[in-house]
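Below are the chains, spelled out letter by letter.
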Amino acid sequence: MTVQVKARLRSDARDNRGRILAVARLAFAADGLDVPIREIARRAEVGPATVYRHFQTKEALLTEAFAEQMTTCSAVVAEGLAAADPWRGFCHVIERLMELHALDRGFARAFTSALPASAGLAADRDRTLRLLLDLVARAKAAGRLRRDFVLEDVSLALMANEGIRAATPELRVAASRRFAALMLQSFQADPVAAPLPPPVRLPLSR
């Protein structure tokens, strides 16, 4: 086999891997995490064997497909923990997580779904949730976050946020910001009415 042929095969393999990852992200975002490998292969215009050659399991594909988003999510929570005011840090986390999830429903499902323990994504998510629990405790200790708030309330908010349907990504983000403001007012220990971001016309609006 010539050097040129080997180089072309390596290039083809890289192209296939990149296309599989791109298709998987879109598929998980549009249809959830249950999209079968065979369907991802079909959309990527490769055979299932090619997918498995690059990713031995579906969990491995999930982990790599959402690695960048999970890194971003962990960074957002770290920023919240670093804030001098724990309540402002908590608000920053909720607002940014909802914005990220409004743009990527697949990531929202990956973050809130029960993932196999073998998926590296699950371990990364669990570490991020532990950091978020620390921030929640600080916000409660500061008297700003209601005492009966639990981490599952974040999951509820993200699941509801995932359901936002709008004509464009920009409108989804705008609607998500308003929803985040409503949620944060409900999370306060002593709610204070504050102006909300502008409303967004959604499909069910009259």
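Since we're looking at a predicted model, the values are computed, not measured.

### Regarding the overall build of the protein
Scanning the protein from terminus to terminus reveals ten helices and zero strands. Each helix and strand of the protein, placed in order from N terminus to C terminus, yields the pattern α-α-α-α-α-α-α-α-α-α. Buried positions account for 41% of the 206 residues belonging to the protein. Look at the contacts in the protein between residues 6 or more apart in sequence, and 67% of them connect residues 24 or more apart. In the structure as shown, the protein presents an accessible area of about 11300 Å², 56% of it carried by carbon and sulfur atoms.

### What to know about the pattern of salt bridges
This model, assessed by the stated rule, comprises eight salt bridges. Between Glu-99 and Arg-96 there is a salt bridge, and its shortest N-O distance comes to 3.6 Å. Of the two residues, Glu-99 and Arg-96 both sit in helix H6 (residues 86-103), three residues apart, roughly one turn of that helix. The exposure class of Arg-96 is partly exposed, given its relative accessible area of 25%. Residue Asp-148 is joined to Arg-146 by a salt bridge in which the shortest nitrogen-to-oxygen separation is 2.7 Å. Take Arg-146: its relative accessible area is 34%, and that puts it in the partly exposed class.

### Here's the deal with the confidence of the model for the protein
On average, the protein scores 84 in pLDDT, and the residues at 70 or more come to 85%. The model gives residues 3-7 a pLDDT under 50, and that stretch makes one contact with residues more than four places away or in other chains.

### Examining empty space enclosed by the protein
The full count for this structure, using the stated rule, is one cavity of 30 Å³ or more. Taken as a whole, the largest cavity spans an internal volume of roughly 30 Å³. Ile-94, Leu-97, Met-98, Val-154, Ala-157 and Leu-158 together form the lining of the largest cavity. Of all the secondary structure elements, the ones that give two or more residues to the lining of the largest cavity are H6 and helix H9 (151-162). Looking at the lining of the largest cavity, its residues break down into six nonpolar, no polar and no charged.

### What to know about the layout of surface pockets
The space that makes up the largest pocket amounts to roughly 190 Å³. Around the largest pocket sit Trp-87, Arg-88, Cys-91, Glu-95, Arg-144, Ala-181, Leu-184, Gln-185, Gln-188, Val-192, Ala-194 and Pro-195, which together line it. Examining the composition of the lining of the largest pocket, we find that four residues originate from one element, H6, more than from any other. Split by residue class, the lining of the largest pocket holds seven nonpolar, two polar and three charged.

### Focus on unusual backbone geometry
The phi dihedral of Glu-45 falls on the positive side, at around 60 degrees, and the residue is not glycine. Glu-45 sits in the exposed class, given a relative accessible area of 69%.

### Description of the packing of helix H5 (residues 67-82) against H6
Two numbers describe how H5 lies on H6: the axes approach to 8 Å, and their chain directions differ by 160 degrees. On the basis of their axis angle, the class for H5 and H6 is roughly antiparallel. Pair H5 / H6 crosses with right-handed handedness. Contact residues: Thr-72, Cys-73, Val-76, Val-77, Glu-79 and Gly-80 in H5; Gly-89, His-92, Val-93, Arg-96, Leu-97 and Leu-100 in H6. Here the contact of H5 with H6 is composed, by residue class, of six nonpolar, four polar and two charged.

### Description of the packing of aromatic side chains
Within the structure shown, the criterion is met by five aromatic pairs. On the basis of an interplanar angle of 40 degrees and a centroid distance of 5.9 Å, the ring pair of Phe-28 and Phe-66 is categorised as tilted. Taken together, the residues span a long stretch of sequence, with Phe-28 in helix H1 (residues 3-31) and Phe-66 in the loop between helix H4 (58-65) and H5 at a distance of 38 residues. One exposure class covers both Phe-28 and Phe-66, and it is buried. On the numbers, 6.2 Å between centres and 65 degrees between planes, the contact of Phe-90 with Phe-187 is edge-to-face. Residue Phe-90 is found in helix H6, and its partner Phe-187 is found in helix H10 (residues 169-187); the two are separated by 97 residues along the sequence. For the pair Phe-90 and Phe-187, one class covers both residues: buried. Taken together through their ring pairs, the aromatic side chains of Trp-87, Phe-90, Phe-149 and Phe-187 make up a single cluster.

What counts as what
- For every chain, the first residue of the written sequence is number 1, and numbering continues from 1 onward in sequence order.
- It should be noted that, the model being predicted, local features are given only for residues of pLDDT at least 70 and side-chain atom pairs only at 80 or more, the latter also being counted only at that level, while totals for whole chains, interfaces and linings use all residues.
- In computing side-chain properties, one takes all heavy atoms of the structure into account and sets aside hydrogens as well as water.
- Going along the chain from the N terminus, every DSSP run of H or I of four or more residues is numbered as a helix, and every run of E of two or more is numbered as a strand.
- When accessible area is computed with a 1.4 Å probe and restricted to protein chains, residues below 20% of their type maximum are described as buried, those above 50% as exposed, and intermediate ones as partly exposed.
- In what follows, a contact means two residues having at least one pair of non-hydrogen atoms within 4.5 Å.
- Throughout, the Shrake-Rupley method with a 1.4 Å probe supplies accessible areas, and for residues the shown protein chains are the sole cover considered.
- We count a salt bridge whenever a side-chain nitrogen from Lys or Arg sits within 4 Å of a carboxyl oxygen from Asp or Glu.
- Per residue, pLDDT captures the predictor's confidence, and it can take any value from 0 to 100.
- Cavities and pockets are found on a 1 Å grid laid over the protein atoms alone: a cavity is a set of points where a 1.4 Å probe fits but cannot escape, a pocket is an open set with protein on both sides within 12 Å along at least five of seven lines, and a lining residue has an atom within 4 Å of such a point.
- Grid points are joined across faces, edges and corners, and a volume is the space filled by probe spheres set on the points.
- Under the convention adopted here, Pro, Cys and the residues Ala, Val, Leu, Ile, Met, Phe, Trp and Tyr are nonpolar, Asp, Glu, Lys and Arg are charged, and Gly plus all remaining residues are polar.
- In this analysis an axis means a line fitted to C-alpha atoms, helices contributing only their contacting stretch, and an angle means the value between N-to-C directions, from 0 to 180 degrees.
- Roughly parallel covers angles under 35 degrees, roughly antiparallel covers those over 145, roughly perpendicular covers 65 to 115, and oblique covers all other angles.
- Two helices cross in a left-handed way if the nearer one is turned anticlockwise from the farther one by less than a right angle. They cross in a right-handed way if the turn is clockwise.
- A pair of aromatic rings is counted whenever rings of Phe, Tyr or Trp (Trp by its six-membered ring) have centres within 6.5 Å, and the orientation is called stacked for planes under 30 degrees apart, edge-to-face for over 60 and tilted otherwise.

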